Amino acid sequence: MKKFLKRFYVFLIFLFLYAPIFVLIAYSFNSSRSRGAWGGFTLKWYRELFMDREILSALKYTIIIAVLSAVISTILGTAAAIGISQMRKFPRNIVMNISYLPVLNPDIITGVSLMILFIFANIKFGFKTMLIAHITFNTPYVILSVMPKLKQLDTHVYEAALDLGATPWYAFWKVILPQIMPGIVTGCLLAFTLSIDDFVISFFTTGVGVSNLSIAVFSMARRGVNPKINALSTLMFLSVLILLIIVNVRMSRDIKAKKQKEATLV
Amino acid sequence: MDEKLLELVDISKTFDTTEALRDINLYIRRNEFVTLLGPSGCGKTTILRIIGGFEQPTTGRVLFEGKDIASLPPYKRRVNTVFQRYALFPHMNVFENVAFGLAIKKIDPRTIERKVASILELVNLANYGERSIESLSGGQQQRVAIARALINEPEVLLLDEPLAALDLKLRKGMQIELKKMQQKLGITFVYVTHDQEEALTMSDTVVVMNDGVIQQMGTPEDIYNEPKNIFVADFIGESNIIDGIMIRDYLVEFSGRKFECVDTGFGENRYVDVVIRPEDIKIVKEGEGMLTGQVKSVIFKGVHYEMLVESQDYTWKIHNTLMEPIGKKVGLNILPDDIHIMTKGGEAHE
Amino acid sequence: MNRKSIMAYPYIVWMVLFIVIPILLVFYYGFTMESSAGLTFSLENFKRFFEPVYLMVLVRSFILAALSTGICLLLGYPLAMILASKDFKRKNMMLLLLIVPMWMNFLLRTYAWLTLIEKKGIINSLLSNLNLPTINIIYTTRAVVLGMVYNFLPFMVLPIYTVLSKIDKSVIEAAEDLGANSLTTFKKVIFPLSLPGVISGITMVFMPAVTTFVISRLLGGGHYKLIGNLIEQQFLSVYDWNFGSAISIIMMIVILISMGILSKYEEVREGGGIV
């Protein structure tokens, strides 16, 4: 009985989480525009979605900005983390505390403050400003992902590499980088998803003709319900689901492989 | 054997405001096993790091075969290090760790494979090449670290407390193995430890350090039998240290009695420290000894008993294979050879 | 070794340009007023914020965010406990399912509820088909709270789950062994041990909830103005940067202080050796 109650509870919560999504998916195939009635199966909204210039351009910008900002902030942030870890305590604390600002501050304040800066500096709003904004809020997350890995590093490991004849550069590539790689990858993925998902900061830093998916959805939704958004949601949901399943399967396969390897060795 | 391979001249090292090393002068001969011994923070690891190239001396020169290498980076020195906690590369397996130095020199893979196999054999880790580092025990990691350093055929191998993390039994075994390896390969070892027993067992030369200064340098026998000062006497083995007066050459007074000794050159009627090893005090019947005292405590230490015997102004620590009961009055005898005289704190008094 | 700190310089330049200067600009505008002599120093903007109209907005934002956080905690804690209990199978699968909505675009999630609770939305058509009275919650406070709970619930569950699943099972067994019934065990052992997770859950829900302007805009219509909407309005429609900056400064300070207090609390717990 207790077990049943538990399961029922879990079921209810997941129903709450998924019902809206499934309804969106179902209605993305509804030929009737009104929500109340089922007008028959159709792929009309998907067709319209792929013909919608606005959405396609938003998709393009979303992806370009996510990739560019993830790559740039990963490089910038990894280098910064290595540099910061070598600093003396006082300047290090200052830099780290400032880096926490975009993480802790509400997005709206980060967005607004960047907007003021761009107006103040007379920079034209558009792709450039949005990219700068994304790099700015992404980089601290990269630093925060790489930093713990650097802290775990045994400093003697770097010295050991030098001792064995490695130049500092060689030691960095062959010894330091592989060990902090998990942190770099985490930071890069985090930056990518944060960028894809961002609305508030983009909203304040974008210009005419440049918008990402979030902004496009916001402006459409403000005008009321639109079946094209249902189709878009369905596609987004499916891609997230597939991506996560792939990641999950690969991870559990890695764990299994590792366990097997260890079992054969012991 | 007499060639000076490595020489430190007037080395001093200051970190921010603290002085880590002062006026270090020492040389290391080819094929020698030299141990830097001292309590933690005495500067012994700093010396090792200066030889390895990880620290620059504030002043002084590091001579390798007569040439100053003080400014040479670690990767250009023909010196390799076994780090305290091994510093193995956790993302590489045993083979890759050991092959690291050779891979940098772009040696052809077949030679590398052959060399790695033979060095792993030497450290008793044949067939462990594919294992990951974390699957090894502490002792095995230790061997990998040694193999990784030795494969580069360094002129000098630096070892920074390499056995500190191992348990007692393994440590004893590794001491013997390391010594054997050193003799077989004919490589100069510079070994850092705070364990005096380890230093005495393995070394050709022991350098005792304290507070950034070399206290005494010599063979293990010299260091043990003829400690130069109170610090060395106290740090190496156990000692009874008692105030005394050097009346003249060959005669010292302590515990209210004059003793014959073998020391000279302290002047006349000087205050001195008298050092006597616990095993050098012989227990005889009451009344037959030079001193008398009462047994206060007895502890069995495995091979011998450690007894505290209280005489009129000092409680003597005595090691003896025979036990005397607590409360018994005994006589104590000390031979002239076993009395070591030291200047008091470096300054003489009237 | 210290030469490596050069690697941080590009980022430091970036940080000064795009983090420090913008924040300074916000402060500059917040403490100045447009007057005939150009911008002059003034505390007028802050004074204005304490007028009842604006203060109400702040209070409303805090109440709604607190309410949503409370509901998330009430719904989320039991879920986290069930997921963390050892007899629960397919744990990874369930966690994955919990994360998937988090990865979906935040606006789409909010939009989903818009279509559900609209006047002529799905819920109401279902209800009227069943001849039941329709509900009318779109563009109300309830809709805003619903949107917040829906969006932020996973952020409450995950940290609590993480902490709960790390609790040493033998500690719980020890409590039972010492005679505690399951209620006492929960009150005296499990809940105190899970507090760090609860605190980070509360932070992760409360902070975005109190500053949101999207949920209130989409589900609350125009009239449910929260502090986020007020800021947005000042910058994008009223163009009163000075007042907008002042509100931003107040919000920033309130949030940084509360984060500071919460993280202190977490540290104390961890320092106390409980976790």
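Predicted model, so just to flag it, every value in this text is computed and none were measured.

Thresholds applied
Residues numbered from 1 in each chain as written. Chains lettered and ligands numbered in written order. Predicted model: local features only at pLDDT ≥ 70, side-chain atom pairs only at ≥ 80, totals over all residues. Heavy atoms only, no water. Helix = DSSP H or I, 4+ residues; strand = E, 2+ residues; numbered from the N terminus. Rg over C-alpha atoms; globule rule 2.2 N^0.38 Å. Contact = heavy atoms within 4.5 Å. Salt bridge = Lys/Arg side-chain N within 4 Å of Asp/Glu carboxyl O. Buried < 20%, exposed > 50% of the residue type's maximum accessible area, 1.4 Å probe, protein only. Core = buried A, V, L, I, M, F, W, Y, C linked by side-chain atoms within 4.5 Å. Buried area = accessible area lost by both parts, 1.4 Å probe. Polar contact = N/O pair within 3.5 Å; in protein donor to acceptor, adjacent residues only side chain to side chain. Nonpolar A, V, L, I, M, F, W, Y, C, P; charged D, E, K, R; others polar. Pairing = 2+ DSSP bridges. Axes fitted to C-alpha atoms, helices over the stretch in contact; angles between N-to-C directions. Patch = residues over 30% accessible without salt bridge, like charges linked within 9 Å, V, L, I, M, F, W, Y side chains within 5 Å. Areas by Shrake-Rupley, 256 points an atom, 1.4 Å probe, with all protein chains shown as cover. Lys, Arg positive; Asp, Glu negative; His and termini not counted. Charge placed at Lys NZ, Arg CZ, Asp CG, Glu CD. Domains from an automatic or database assignment.

Topic: the overall build of chain C
Each helix and strand counted, chain C has 12 helices and two strands in total. When its helices and strands are written in sequence order, chain C yields α-β-β-α-α-α-α-α-α-α-α-α-α-α. Computed over the C-alpha atoms, the radius of gyration of chain C is 23 Å, more than 25% above the 19 Å expected from 2.2 N^0.38 for a compact globule of 275 residues. Structurally, chain C occupies a C-alpha span of about 75 × 75 × 35 Å along its principal axes. When contacts within chain C are restricted to residue pairs at least 6 apart in sequence, long-range pairs at least 24 apart make up 67% of them.

Here we look at the pattern of salt bridges
Side chains that carry opposite charge are capable of pairing whenever their charged atoms lie near each other. Residue and element names in this part refer to chain B. The full count for this structure, using the stated rule, is 22 salt bridges over all chains. Close ionic contact of Lys301 with Glu306 constitutes a salt bridge, the shortest N to O distance being 3.9 Å. Lys301 gets classed as partly exposed once you look at its relative accessible area, which sits at 47%. Exposure remark for Glu306: the relative accessible area of 9% places this residue in the buried category.

Some details on the nonpolar core
Ile108, Ile180 and Phe199 of chain A, Phe89 and Phe100 of chain B together with Phe49 and Ile117 of chain C are the most contacted members of the largest nonpolar core, which has 179 residues in total. In terms of residues, this core owes the most to one element, helix 7 (residues 141-166) of chain C, which gives 14 residues. When residues no more than four places from it in sequence are discounted, the contact partners of Phe89 of chain B are Val157, Ala160, Ala161, Leu164 and Val175 of chain A together with Asn97, Phe100, Ile133 and Arg148 of chain B. By size, the runner-up hydrophobic cluster in this structure holds 34 residues, among which are Val98, Val123, Met174 and Phe189 of chain B.

Considerations on the interface of chain A and chain B
The interface of chain A with chain B comprises 21 residues on the first partner and 23 residues on the second. With both chains or domains summed, chain A and chain B bury close to 2,000 Å², and 64% of this area falls on carbon and sulfur atoms. Our enumeration of links across chain A and chain B arrives at one salt bridge. Note that Glu159 of chain A is salt-bridged to Arg49 of chain B, the shortest N-O span being 2.6 Å. On inspection of chain A and its partner chain B, the count reaches five residue pairs in polar contact (both at pLDDT 80 or more). Contributing elements (two or more residues each) for the side of chain A that touches chain B: helix 7 (155-163), helix 8 (168-197) and helix 11 (227-265) of chain A. Sorting elements by how many residues they give to the side of chain A that touches chain B places helix 7 of chain A first, with seven residues. Its residues placed into classes, the side of chain A that touches chain B shows 11 nonpolar, four polar and six charged.

Description of the sheet that holds strand 4 (residues 59-64) of chain B
All names here are of chain B. Spatially, the four strands line up as an open sheet ordered 2-1-4-5, and their pairing is antiparallel. The strands lining the two open edges of the sheet, one partner per strand, are strand 2 (18-29) and strand 5 (67-68). As defined by bridge partners, strand 1 (residues 4-15) adjoins strand 2 across eight bridges and the pair is classed as antiparallel. Bridging from a neighbouring strand, Leu8 pairs with Leu26 of strand 2. Of the strands in this sheet, strand 1, strand 2 and strand 4 are in contact with helix 1 (residues 44-52), which crosses strand 1 at around 120 degrees.

Re a negative patch on the surface
On the surface, a cluster of negative charge is made up of Glu221, Asp222, Glu226 and Asp337 of chain B. Summarising the element assignment, Asp222 of chain B is placed in helix 7 (residues 220-225).

Concerning the sheet that holds strand 11 (residues 240-248) of chain B
What links the strands of a sheet is backbone hydrogen bonding, and the strands pair in either a parallel or an antiparallel sense. Residue and element names in this part refer to chain B. Spatially, five strands are ordered 13-12-11-14-20 in an open sheet, and the strand pairing comes out antiparallel. Of all strands in the sheet, those with a lone pairing partner are strand 13 (257-260) and strand 20 (340-343), marking the two edges. Pairs of neighbouring strands in the sheet enclose a mean axial angle of 45 degrees, with direction left out of account. Where strand 12 (residues 251-254) lies against strand 13, four bridges are found, and the strand directions are antiparallel. By the bridge assignment, Glu253 is partnered in strand 13 with Lys258.

Here's the deal with the domain arrangement of chain B
Residues and elements named next belong to chain B. The domain architecture assigned to chain B consists of domain 1 (4-232) and domain 2 (238-343). Computed over C-alpha atoms only, the centres of domain 1 and domain 2 are separated by 39 Å. In this assembly, eight residues from domain 1 lie in contact with seven residues from domain 2. Taken together, the two surfaces of domain 1 and domain 2 that pack against each other cover about 660 Å², and 53% of this comes from carbon and sulfur. Area buried by domain 1 at its contact with domain 2 is led by Tyr224, Pro227 and Ile230, which between them contribute 72% of it. For the pair domain 1 and domain 2, the interface holds three residue pairs in polar contact (both at pLDDT 80 or more). With three residues, helix 7 is the single largest residue contributor to the side of domain 1 that touches domain 2. Classifying every residue of the side of domain 1 that touches domain 2 by side-chain character gives four nonpolar, two polar and two charged.

Brief notes about the pairing of strand 17 (residues 305-310) of chain B
Residues and elements named next belong to chain B. Two strands pair when backbone bridges link them, and strand 16 (residues 291-300) and strand 17 are joined in this way by six bridges, in the antiparallel orientation. Note on strand 17: the bridge partner recorded for Val298 is Met307. Between the antiparallel neighbours strand 16 and strand 17 lie four residues, among them Gly302 with a positive phi of about 100 degrees. In this sheet, strand 18 (residues 315-320) lies alongside strand 17 in antiparallel orientation, the contact comprising six bridges. Opposite Leu308, over in strand 18, you have Lys317 as the bridge partner. Taking the residues between adjacent antiparallel strands as the criterion, strand 17 and strand 18 are bridged by four residues.

With respect to the side chain of Asn138 of chain A
Residues and elements named next belong to chain A. Turning to its location among the elements, Asn138 is positioned in helix 6 (residues 127-152). Judged by relative accessible area, which is 0%, Asn138 ranks as buried. For Asn138, the contacting residues outside a window of four places in its chain are Ser69, Ala70, Ser73, Ala191, Leu194 and Ser195.

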